[in-house]
Amino acid sequence: MSEITGARAEEREEVLTKARAAKAVAPQLAVLPTPAKDALLLAAADALIARSDEILAANAEDIAAGRAAGLDEALIDRLSLDTARIEGIAAGLRQVAALTDPVGQVLRGSNMPNGIKMKQVRVPLGVMGMVYEARPNVTVDAFGLALKSGNVALLRGSKSARRSNEALVNILQDVAQSHGLSRDIVQLLPCETHDSVKDLITARGLVDVVIPRGGARLIETVVTNATVPAIETGTGKCHFYIDKDADLDEAIALLLNGKTRRVSVCNATETALIDASLSDEAKLRILTSLQDAGVTVHGDVEVLGAFGAVDVVPATEEDWRDEYLSMDIAVAVVDGVDGAVEHIAQWSTKHTEAIASTNAATLQEFADRVDAAAVMLNASTAFTDGEQFGMGAEIGISTQKLHARGPMALPELTSTKWILEGTGQTRP
C-alpha cells in the first residue's frame, strides 16, 4: 500500500488530531454536572439568536454555491436557514436543557446474598462521531444532545454546508470556552474529500460510536466500512395504507400532510397503498387530491387508469424502493391489509408505516404485523420525530434493532455500567 502524502495526509492527520483531542476531553464532559450542562445549552441557544446574522450570511454563501453546482431543490431546502429555522434550532437546545439528564440514572439494582449492593447506571458513550449531509440544524442538534448526555461531538458535515457549519460550531465553541470548557467538546472535521469520512469511521480506539444521517448511499457507506461501532439511521420509504373502512376525508388529509408538509424529510410519505375494495370513485378521489396538491403520481398506468386516473407516470422498481424527497409519490392498489403488509415487507426501509381505518381489528393487525421503527394508526407519518415524541431535538431515526430503534435522543446516546459496592466480600 502506497504511503499517504500531501493534502490527503494533512486531512487524515487533522481528523485524527481532533479525535485525540475529543478523547482527551471526554472524561471531563462525562462528569459535568447537570446544571452546568443546562446553563451552557441555554447560553448556546441565546448566542445562536444573537449571532444569527453571521449564520445567515454563511448560509447564503452555501446556498449560492450549491445552486451554482446544480444541487437539487430538495437538498437546497435541507441546507437553507432563515430566522425562523434558527429560532427553531435554538428552541431545540432549550428543550434539551429542560429534559432529564440520563447520565447516572439507575436502571436496575439488587443486593447479592452476600450483601454486595449492585446497580446498573447510564453512562456517556464517549466520543460521538456524526456523518451527515446538507442539514446545518443537525450540527446544533448533535451538539446539544451530545452535551446533555455527556458525550463529545465530532461532526463531519457535508461540503455543501461547510460555511454554515463553521459559523455554527465557532459560536458553540465560543460559548463552551466562556463557560470554562475546552473548545474541543464540539469539533468540525474537514469535508473537502470523502476520505475524511473513512478516517472518522475507522478511528477505532479514539471514536466510541459513529452515527450516519442522510441518504441511503451515505448510510450504507458508513455502516459497511466502519470499524468503529455504528448506529444505523435509515432512509424513510414511508407508506400510507388507506383501508376500505377508512374515513376517506380524514385519510386524504393525513396522506396529504405526510406527503406535502415537507418533502425533503425522512418521515415524508413516499408511497400510498389503496385498498382494492374501495369504490372506483373513492380511489380516483385519493389520486386527484394528490394531483390537485401538486404531487406527481407514479404507478401502474393500466391499474390506476382502470378507475379513471390520468397523468400517471409509469412506475419502475426505483419508485417502489427509493425516497423521492420531492413532490412525487408512488401509488399501488393492494388486496386489503394482507396486500398492504406484503407490499411494505418487500419495499419498506423500516422507518415509519401508517394506516387509515376505522376498524379496530384491522388497525391492530397492521400494528402487529408491520416491521418498522414507528407505526402510525390514523396519524400522519410526519409525527415520527424526536421533538414530536417529547424527546427534544433528535440525533436521527434508528431503523436497526440493536441498542436503539426509532427517534434517538438522550437515553439512546448512553451506555451502561455496573457498579458493585461491597464491604470486603471475597468470592469462595
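Residues numbered from 1 in each chain as written. Predicted model: local features only at pLDDT ≥ 70, side-chain atom pairs only at ≥ 80, totals over all residues. Heavy atoms only, no water.

Regarding its fold elements, the chain presents 15 helices and 16 strands. Compactness check: the chain gives a C-alpha radius of gyration of 24 Å against a globular reference of 22 Å for 428 residues, within 12% of the reference. Once the C-alpha set of the chain is aligned to its principal axes, its extents read approximately 75 × 65 × 50 Å. Buried positions account for 52% of the 428 residues belonging to the chain. At a minimum sequence separation of 6, the contacts of the chain that also span at least 24 residues come to 72%. (Helix = DSSP H or I, 4+ residues; strand = E, 2+ residues; numbered from the N terminus. Rg over C-alpha atoms; globule rule 2.2 N^0.38 Å. Buried < 20%, exposed > 50% of the residue type's maximum accessible area, 1.4 Å probe, protein only. Contact = heavy atoms within 4.5 Å.)

Turning to the sheet that holds strand S16 (residues 414–421), a few remarks are in order. Judged by pairing direction, the sheet is antiparallel, and its three strands sit side by side in the order S1-S2-S16 without closing on themselves. Sheet topology places strand S1 (106–111) and S16 at the edges, where each strand pairs with a single neighbour. Neighbouring strand axes in the sheet, compared pairwise and without regard to direction, differ in orientation by 20° on average. Note that S1 and strand S2 (residues 117–124) share five bridges and pair antiparallel. Looking across to S2, one finds that Ser 110 is bridged to Met 118. (Pairing = 2+ DSSP bridges. Axes fitted to C-alpha atoms, helices over the stretch in contact; angles between N-to-C directions.)

Our next topic: the side chain of Thr 414. By the secondary structure assignment, Thr 414 is in strand S16. Within polar-contact distance, the side chain of Thr 414 engages the side chain of Arg 122 at 3.1 Å. A polar contact is formed between the side chain of Thr 414 and the backbone oxygen of Pro 411, at a distance of 2.7 Å. Not counting residues up to four positions away in its chain, the partners in contact with Thr 414 are Pro 102, Arg 122, Val 123, Leu 125, Ser 149 and His 403. (Polar contact = N/O pair within 3.5 Å; in protein donor to acceptor, adjacent residues only side chain to side chain.)

In this model helix H14 (residues 336–347) runs 17 Å from its N-terminal to its C-terminal C-alpha over twelve residues, within 8% of the 16 Å that 1.5 Å per residue would give. Of all the positions in H14, only Gly 336, Val 337, Gly 339, Ala 340, Val 341, His 343, Ile 344 and Trp 347 are classed as buried. (Expected span 1.5 Å × (residues − 1).)

On to the sheet that holds strand S13 (residues 374–377). Adjacent strands of a sheet pair through backbone hydrogen bonds, lying either parallel or antiparallel. The seven strands lie next to each other as S10-S9-S11-S8-S7-S12-S13, forming an open sheet whose pairing is parallel. Either end of the sheet is taken by a strand with one partner, and the two such strands are strand S10 (313–314) and S13. Here helix H11 (residues 280–292) sits on the sheet in contact with strand S7 (238–242), strand S8 (269–275), strand S9 (296–299) and strand S11 (328–334), set at roughly 160° to S8.

Mapped onto the elements, Val 96 comes out in helix H5 (residues 83–98). Measuring from C-alpha to C-alpha, the distance between Val 96 and Glu 394 comes to 9.6 Å, with 298 residues separating the pair along the chain.

Once that is clear, we can look at the UniProt feature "domain: Aldehyde dehydrogenase" (unreviewed entry) in the chain. Following the UniProt record, the feature "domain: Aldehyde dehydrogenase" (unreviewed entry) maps to residues 4–290 here. The annotated region residues 4–290 carries 53% helix and 16% strand content, and the separation between its end C-alpha atoms amounts to 53 Å. (UniProt positions renumbered as here; feature names shortened; annotations may be inferred.)

Taken as a class, soluble globular proteins show a tendency for nonpolar side chains to be buried jointly. Of all hydrophobic cores here, the largest spans 67 residues; its most connected members are Leu 48, Met 128, Met 130, Phe 143, Leu 155, Ile 185 and Ile 395. Setting aside residues up to four positions removed in sequence, Met 130 forms contacts with Val 138, Ala 142, Leu 154, Leu 155, Arg 156, Leu 200, Ile 211, Arg 213 and Ile 395. Counting residues in each nonpolar core, the second largest holds 28 residues, with Leu 278, Leu 290, Val 295 and Ala 379 among its members. (Core = buried A, V, L, I, M, F, W, Y, C linked by side-chain atoms within 4.5 Å.)

A word on the pairing of strand S12 (residues 352–356). Among the five residues in S12, five count as buried, and that is most of the element. By the alternation rule, side chains of S12 split into Thr 352, Ala 354 and Ala 356 and Glu 353 and Ile 355, which are all buried. As defined by bridge partners, S12 adjoins S13 across four bridges and the pair is classed as parallel. When the bridges of S13 are listed, Ile 355 appears paired with Leu 377.

Let us now look at unusual backbone geometry. Despite not being glycine, Leu 325 has its phi angle at roughly 55°, a positive value. The topology assignment puts Leu 325 in the loop between helix H13 (317–321) and S11. One non-glycine residue, His 403, lies in positive phi territory at about 70°.

The next thing to look at is helix H1 (residues 6–30). The first and last C-alpha atoms of H1 sit 36 Å apart over 25 residues, in line with the 36 Å expected at 1.5 Å per residue. Of all the bends in H1, the largest measures some 30° and sits at Ala 24, one to four residues before the proline Pro 27. Listing the buried residues of H1 in full gives Glu 11, Val 15, Leu 16, Ala 19, Ala 21, Ala 22, Val 25, Ala 26 and Leu 29. On its buried side, H1 packs onto strand S3 (127–132), helix H6 (136–148), strand S4 (152–156), strand S5 (186–188) and helix H8 (195–201). (Bend = angle between axes of the 7 residues up to and from the residue.)

Another aspect to go through is the packing of helix H2 (residues 34–50) against H6. Each pair of packed helices gets described by two things: the angle between the helix axes and the distance between those axes. It is the contact of H2 with H6, at a shortest axis distance of 9 Å, that shows an interaxial angle of 165°. The angle between the axes of H2 and H6 places the two elements in the roughly antiparallel class. Viewed along their axes, H2 and H6 form a crossing whose handedness is right-handed. Across the interface between the two elements, Thr 34, Lys 37, Asp 38, Leu 40, Leu 41, Ala 44 and Leu 48 from H2 touch Val 140, Phe 143, Gly 144, Leu 147 and Lys 148 from H6. The residue inventory of the contact of H2 with H6, partitioned by class, reads seven nonpolar, two polar and three charged. (Parallel < 35°, antiparallel > 145°, perpendicular 65-115°, else oblique. Left-handed = near helix turned anticlockwise from the far one by under 90°. Nonpolar A, V, L, I, M, F, W, Y, C, P; charged D, E, K, R; others polar.)

All chains considered together, the criterion is met by 33 salt bridges. With a shortest N-O distance of 3.2 Å, Lys 244 and Asp 245 are connected by a salt bridge. Residue Asp 245 is classed as partly exposed on the basis of its relative accessible area of 24%. Taken together, the shared-partner salt bridges in this structure form one network comprising Arg 8, Glu 11, Arg 12, Asp 195 and Asp 199. (Salt bridge = Lys/Arg side-chain N within 4 Å of Asp/Glu carboxyl O.)

When you line up the elements, Ala 361 lands in helix H15 (residues 360–369). On the basis of relative accessible area, Ala 361 is assigned to the exposed category, the value being 55%. In sequence terms Ala 361 and Glu 323 are 38 residues apart; their C-alpha atoms lie 30 Å from each other.

Attention now goes to the side chain of Thr 399. The topology assignment puts Thr 399 in the loop between strand S14 (396–398) and strand S15 (406–408). When sequence neighbours within four positions are dropped, the list of residues in contact with Thr 399 reads Glu 232, Thr 233, Gly 234, Thr 349, Lys 350, His 351 and Arg 405.

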